[in-house]
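In case you want the letters, here they are:
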Amino acid sequence: MRPLTWLVSVVALSAAVSAAAQVPASPPAPPPAAPVAPATPAPPGPPVQQPVTPQPDAVGDETAGYAWAGACKECHAEVHAAWSHTKHSTALNRLRGDDRTGTACVGCHVTGPARLLSEGADVKNAGVQCEACHGPGRAHAEAARAGSPASAVMVRKVPESTCVACHNEKSPHYRGFFYSALIGLVHKTK
Ligand code: HEC
Ligand code: HEC
Ligand code: HEC
Ligand code: HEC
């Protein structure tokens, strides 16, 4: 290996290791799910792995508060169109092979839980979606569909702390982050 290549590898590796050691604080966590009462008392012995009730999807309640970007498009078509032209919408495409399935990289290149939520060929949390910045929006989408969007409001003024959960020196490609200069670009066509 040439010295420069070697240096870049070491830097990338240590960044990956530190990223793995401390998974970046994810954007707003989903609200806690309502506890589900077990159908029968738990038998003695090792903890039961199988859920007693069917889960909404293979990944369970961790994603329950999310509606994903396709649902937001229904009412926010213009914002969705602008966002879909930004690199946030395709951020997962930057990762290849093991980087997509491991824990070192994926947390900052997807929305919600730091792993791929695959549905057939689709990854429903791919990229930095609306809910990475505005918080989980399933309740808002449902309230808006029912005619009362004000009963479940989203975060409108996304704070800098949300951005720097990903835009920080744990990113192997970090080049600095300038909130006030960049905030106006997040829904703008490049
Ligand atoms: C990278 C973070 C980020 C992503 C991703 C993002 N937004 Fe925003 N959004 C913002 C910021 C920042 C504002 C402006 C807040 C301000 O200055 O008042 C905003 C404002 C809004 C507003 C308020 C009205 C407006 O246009 O200013 C709506 C509605 C909205 N976003 C919807 C969405 C939807 C729908 C998506 C996905 C298709 C999305 N946002 C993706 C950060 C984001
Ligand atoms: C059924 C229609 C509908 C859907 C679906 C929907 N919204 Fe909204 N959204 C609205 C309406 C209506 C408002 C209120 C607009 C206003 O008062 O200015 C709103 C407002 C917002 C705002 C501004 C802050 C607030 O709550 O007033 C944001 C941000 C936002 N929506 C994001 C999203 C995101 C992200 C999604 C997808 C998870 C989404 N919306 C899905 C209809 C919808
Ligand atoms: C979940 C992690 C995450 C969050 C939260 C996030 N970003 Fe990003 N952002 C990324 C990643 C990853 C990229 C690189 C995408 C690529 O190059 O494919 C990126 C790229 C960008 C770009 C370049 C986009 C382009 O199309 O050239 C801007 C500008 C940006 N982010 C601003 C922001 C701002 C402002 C916020 C907060 C309001 C924010 N980001 C929140 C992960 C995030
Ligand atoms: C702490 C969050 C974070 C982690 C961890 C992370 N990235 Fe990123 N990635 C970003 C952000 C933010 C950007 C946009 C550039 C920046 O950092 O300002 C980005 C940009 C990129 C780009 C685009 C190149 C460029 O110069 O913009 C590639 C490729 C990439 N990341 C790959 C990876 C790989 C591979 C890993 C794991 C080894 C990884 N990322 C881990 C946040 C992260």
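None of the values given here were measured: they were computed from a predicted structure.

Colleague: Describe the overall build of the protein chain, naming the residues involved and giving the relevant values.
Modeller: The secondary structure content of the protein chain amounts to eight helices and two strands. Beginning at the N terminus, the succession of helices and strands in the protein chain can be written as α-α-α-α-β-β-α-α-α-α. For the protein chain, with 190 residues in total, the buried portion stands at 20%. If you take every contact in the protein chain between residues at least 6 apart in sequence, the share linking residues at least 24 apart comes to 58%.

Colleague: Describe the nonpolar core, and please don't skip the residues or the numbers.
Modeller: Counting residues in each nonpolar core, the largest one holds nine residues, listed as Tyr66, Trp68, Ala69, Cys72, Trp83, Val128, Cys130, Ala132 and Cys133. Elements with a contribution of two residues or more to this core: helix 2 (69-73) and helix 5 (130-134). The element that contributes the greatest number of residues to this core is helix 5, accounting for three residues. The contacts of tryptophan 83, once residues within four sequence positions are left out, are His88, Ser89, Cys130 and His187.

Colleague: Could you give me a rundown of the site of ligand 1, with the residues and numbers involved?
Modeller: Lining the immediate surroundings of ligand 1 are 19 residues, of which Cys72, His76, Trp83, Cys130 and Cys133 lie closest. When contributions to the shell around ligand 1 are tallied by element, the ones reaching two or more residues are helix 2, helix 3 (77-84) and helix 5. At four residues, helix 5 tops the list of elements feeding residues into the shell around ligand 1. Split by residue class, the shell around ligand 1 holds 11 nonpolar, six polar and two charged.

Colleague: Could you give me a rundown of unusual backbone geometry, with the residues and numbers involved?
Modeller: Look at tryptophan 68: it is not a glycine, yet its phi comes out positive at around 70°. Tracing the chain through its elements places tryptophan 68 in the loop between helix 1 (3-21) and helix 2.

Colleague: Can you explain the environment of tryptophan 68? Please cite residues and give values.
Modeller: Residue tryptophan 68 is classed as buried on the basis of its C-beta count, with 23 C-beta atoms lying within 10 Å. Ignoring sequence-local partners within four residues, the contact set of tryptophan 68 consists of Lys124, Asn125 and Gln129.

Colleague: I'd like to hear about the environment of aspartate 99, residue by residue, with values.
Modeller: Along the chain, aspartate 99 turns up in helix 4 (residues 98-101). Sequence-distant contacts of aspartate 99, that is, excluding residues within four places in its chain, are made with Ala104 and Cys105.

Colleague: With reference to specific residues and values, describe the environment of cysteine 130.
Modeller: Within the secondary structure, cysteine 130 sits in helix 5. Through-space distance from the C-alpha of cysteine 130 to that of alanine 67 is 9.7 Å; in sequence the pair is 63 residues apart. Dropping the residues within four chain positions of it, cysteine 130 is found in contact with Ala69, Cys72, Trp83 and Gly137.

The rules we used
- Residues numbered from 1 in each chain as written.
- Chains lettered and ligands numbered in written order.
- Predicted model: local features only at pLDDT ≥ 70, side-chain atom pairs only at ≥ 80, totals over all residues.
- Helix = DSSP H or I, 4+ residues; strand = E, 2+ residues; numbered from the N terminus.
- Buried ≥ 20, exposed ≤ 12 C-beta atoms within 10 Å, placed from the backbone.
- Contact = placed C-beta atoms within 7 Å.
- Core = buried A, V, L, I, M, F, W, Y, C linked by C-beta atoms within 7 Å.
- Near = placed C-beta within 6 Å.
- Nonpolar A, V, L, I, M, F, W, Y, C, P; charged D, E, K, R; others polar.

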